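# Chain and residue survey
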Amino acid sequence: MPTLTPASIMIERKMTKTTQSDIATIDYAVREHRSLWVDAWRRLVSSRTAQAGLFIVSFLILTTVLAHFFWEYNPKTDLDYTLKLKPPTLIPNEEVPSVHIFGTDKLGRDIFRRVVHGGWNTLMVGIIAVTISLVIGGLLGLLAGFFESIEMTRLEKILLLVFLGGLMGFLPAWIAEQPVQIVLFALLGGAAAMFENFLAGRSARVVLFAAVGLLIGGGLALFVSPYTAIVTGLLGGLIGAALSLQLGGSLFSNITMRAMDIVLAFPSYLLAIAIVAFLGTGLEKGMVAIGIVSIPVFARLVRSSVLSVVQKEYILAAQSVGEGHGRIIFRHIFPNVLSPITVQTTLGIGSAILAAAALGFLGLGAVPPEPEWGAMLGDSYKYLSSGAWWAVVFPGVAIMLIVLGFNLLGDGLRDALDPKMKV
Amino acid sequence: MEQPLLEIKDLRVTFHTDDGTVHAVNGVSYKLEKGEVLGIVGESGCGKSVHALSIMRLISIPPGRIDSGEVLFYGKDLLKLEFEELRQVRGGQIAMVFQDPMTSLNPAYTVGFQIMEALTVHKKLDQNQARDRSAELLSLVGIPDARRRLDDYPHQFSGGMRQRAMIAMALSCEPSLLIADEPTTALDVTIQAQIVDLVKRLQRDYGMAVMWITHDLGVVAELAHKINVMYAGYIIERGHVKDIFKRTRHPYTLGLLGSLPRLDEAPGTKLVSIPGLPPDLVALPKGCPFVARCTYVTDSCLESMPPLENVGDRDHLVACWNWAAIAEGAA
């Protein structure tokens, strides 16, 4: 068989469509499964902006990873006051006996070395923070979107209410410092779902569950102090009343999305700072804070994509052949919402890195001797007025480059994965 | 008397939307025997699809709700089954084919994968067996070179082929009832005829019952044993095909038949169309929902909805106060 480029095969295929004779062989050649992802990849690498983004991102990742594993650096011992704030030096001289292509900082540390090593921390923050928000937000969005229009089974209702009961029970348990309350409220939630037809729709049901909640919250807390018992008893009553309602999928979706709205109502940096203040400073805590703050972005994006996919007839068809909900969600819906998720993840890494840098700048991110781009900026901006531009410019440029790289890549991905762009 | 395959009793379905409660199905009752082909006809929005989806609880809940009624399949009420039991019925005993072949296959998987999925859910076949069976099914529905086409993605299939693949999927577990929800509406006429022939042949060979939902009276005339005519969520006329076509007793059915173009008519004869629009399902009138468009209106029509009455000697039911007058007019 002659070797054909895909384009010429396509043309030939069209021409022979009516004759049927050669179609089998040509079809066979075409059937090198050009899946959506292969197509998207080809579109991606053929776009200039995506090429630039891909280049920047892979260059920075490569140098960072290589440095992390093959260039030893101990920030705790890196200190040399004699070399304080020296400008970039390419040729060693009397004053600066070693090469510092990016200059040195206020403690005489080589900035090039710290920029290269700082990239590891910065990238980690970006990736881990986005993973946190992607997994939690994505799952919430998938479930919320799915159950908004598909009836929950009894088992799913029970699981949901056990979860919600435990989640709400966290508050009184925390106040009374009795972790067992979480379990008890989760059980109450499970009971509410299992006996969903018991006194359904009557006020007696609400009163009953509120009373049980009050007993759990207040009764247990009596061992602590009467005042705590009053507070947790009231909370328990409210939780019981809430659990007695017939919680269905649309209510679940509503609750989740309103919670997301609440998170979004705070300026995201302010919220991240508040979370770090609550958890304490440190790189890991910064990751968690940034991750939590961007959960709503993913939850809303995934939910809206799921809502449009759920309406498709193939979901109805999957249901009509008797497939279970888990299989429908992960086999049929998930692959079809993957492209917006991919784009958002890429863009999200960029903004997470930026947020991490901001936290670092404020001294809330990496703990001092650790190199991290934002923290390096925060350490050095005071010396800008005395002319030490290099201590600020190089980490700053690094942040700018990596964020630019991820944004370009994200934009390229969006174009590549957008089905409307398909030729 | 033998137990019918499917018996629906007083099924009522509503949708709770921001604009109010939509009464989509308002007390539908009928029986479907084994091996029977039932045509369900009516305009868009008359509740024919919704009632069919409700049989397997496939309507989206919320906003939909099945308010009352029973759907007895082999005497079991499908509306009360636990989800796991319902899953066995879905696809295993009742299968469905949908209207739009363009969106009823998942673009992310090959056609073969999707047919095999139904087989692995219900028949517990292993990969190779499932693949063999899928290829068999695809060639059964008339797709040439079936084994190789299993690895094609839906976009490599034409509309008619996709609908065939859907039918293959539906037939994979040899259901005793096939619900076809306007399966030919989105296809062109020659493909339509092929699909109708295919279903006819498969129905004969497998002896399965078919519920064929359409607004095309021509198709049902060819295929069905019995017809339900639906309007505004009610069955307004039901009977054998001949009765519906030759001894029409409901003014709406008359209108539907009148709006079909016919070859044997004198050239220049005007098509009769039914004036007006179907009623708003949020605010149904007190009496018969067809009053606003009917030419036979009497006082009782405005007062209350007529019950389904038997007007012939063999299960010909009509919900109209004036069927006797219409019968006289026709005679």
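The preceding data block contains the structure.
Computed from a prediction, not measured in an experiment: that's the story for all the values here.

Right, let's get into the overall build of chain A. A tally of helices and strands in chain A yields 18 helices and 0 strands. When burial is assessed residue by residue, chain A has 47% of its 423 residues classed as buried. Taking all contacts inside chain A whose residues are at least 6 apart in sequence as the whole, residues at least 24 apart take part in 71%. Of the roughly 21,600 Å² of accessible surface on chain A, 70% is carried by carbon and sulfur atoms.

This part takes up the sheet that holds strand β6 (residues 94–97) of chain B. Residue and element names in this part refer to chain B. Strand order in the open sheet made by the 8 strands is β6-β7-β8-β3-β9-β10-β12-β11, with mixed pairing throughout. Each of the sheet's edge strands pairs with one partner strand only, and the pair in question is β6 and β11 (309–310). Strand direction decides the pairing type here: strand β3 (residues 37–41) and strand β9 (residues 226–231), joined by 4 bridges, are parallel. Within the sheet, the bridge partner assigned to Val41 lies in β9 and is Val229.

With that out of the way, let us pick up the environment of Trp174 of chain A. Summarising the element assignment, Trp174 of chain A is placed in helix α6 (residues 154–176). Separated by 58 residues in the primary sequence, Trp174 of chain A and Thr232 of chain A place their C-alpha atoms 9.5 Å from one another.

Further remarks concern the pairing of β9 of chain B. Walk down a regular strand and you will see the side chains alternate between the two sheet faces. Residue and element names in this part refer to chain B. Taken across its 6 residues, β9 has 6 buried, putting it largely inside the fold. The two faces of β9 match: Lys226, Asn228 and Met230 on one face and Ile227, Val229 and Tyr231 on the other face are all buried. Here β9 runs beside strand β10 (residues 234–240); their pairing, made up of 6 bridges, is antiparallel. Bridge pairing links Val229 to Glu237 in β10. Linking β9 back to β10 in an antiparallel pair, the connection comprises 2 residues, with Ala232 at a positive phi of about 50°.

Another aspect to go through is the state of the cysteines. Residue and element names in this part refer to chain B. Per the stated rule, a full pass over the model turns up 0 disulfides over all chains. Cys320 supplies the cysteine sulfur nearest to Cys294, a cysteine that is in no disulfide, at a spacing of 6.1 Å. Relative accessible area serves as the criterion here: at 18%, Cys294 is assigned to the buried category. No disulfide involves Cys301; its sulfur sits 6.0 Å from the nearest other cysteine sulfur, which is in Cys320. Cys301 gets classed as buried once you look at its relative accessible area, which sits at 6%.

Here helix α6 (residues 159–171) of chain B contains 13 residues, and its C-alpha end-to-end distance of 18 Å stays within 8% of the 18 Å for a straight helix at 1.5 Å per residue. Judged by how many residues are buried, α6 of chain B sits mostly within the fold: 12 of 13 residues are covered. Where α6 of chain B is concerned, the buried positions are Gly159, Gly160, Arg162, Gln163, Arg164, Ala165, Met166, Ile167, Ala168, Met169, Ala170 and Leu171 of chain B. Buried residues along α6 of chain B sit in contact with α14 (313–320) of chain A together with β6, α3 (111–122), α4 (127–140), β7 (177–181) and α7 (189–206) of chain B.

On to the interface of chain B and chain A, then. Contacts between chain B and chain A engage 37 residues on the former and 29 residues on the latter. Carbon and sulfur atoms supply 53% of the area buried between chain B and chain A, which totals about 2,900 Å² over both sides. When the buried surface of chain B facing chain A is broken down by residue, Phe83, Glu117 and Arg148 of chain B rank first, second and third, together holding 18% of it. At the boundary of chain B with chain A, the tally comes to 3 salt bridges. Notably, a salt bridge pairs Glu117 of chain B with Arg327 of chain A, separated by 3.1 Å at the nearest N-O pair.

With that settled, consider the environment of Lys286 of chain B. All names here are of chain B. Take Lys286: it is sitting in the loop between α10 (251–258) and α11 (299–303). Lys286 sits in the exposed class, given a relative accessible area of 64%. For the pair Lys286 and Val50, spaced 236 residues apart in sequence, the C-alpha to C-alpha distance is 22 Å. For Lys286, the residues in contact, after removing those within four places along its chain, are Leu302, Glu303, Ser304 and Met305.

Cut-offs used in this document
Residues numbered from 1 in each chain as written. Chains lettered and ligands numbered in written order. Predicted model: local features only at pLDDT ≥ 70, side-chain atom pairs only at ≥ 80, totals over all residues. Heavy atoms only, no water. Helix = DSSP H or I, 4+ residues; strand = E, 2+ residues; numbered from the N terminus. Buried < 20%, exposed > 50% of the residue type's maximum accessible area, 1.4 Å probe, protein only. Contact = heavy atoms within 4.5 Å. Areas by Shrake-Rupley, 256 points an atom, 1.4 Å probe, with all protein chains shown as cover. Pairing = 2+ DSSP bridges. Disulfide = S-S within 2.5 Å. Expected span 1.5 Å × (residues − 1). Buried area = accessible area lost by both parts, 1.4 Å probe. Salt bridge = Lys/Arg side-chain N within 4 Å of Asp/Glu carboxyl O.

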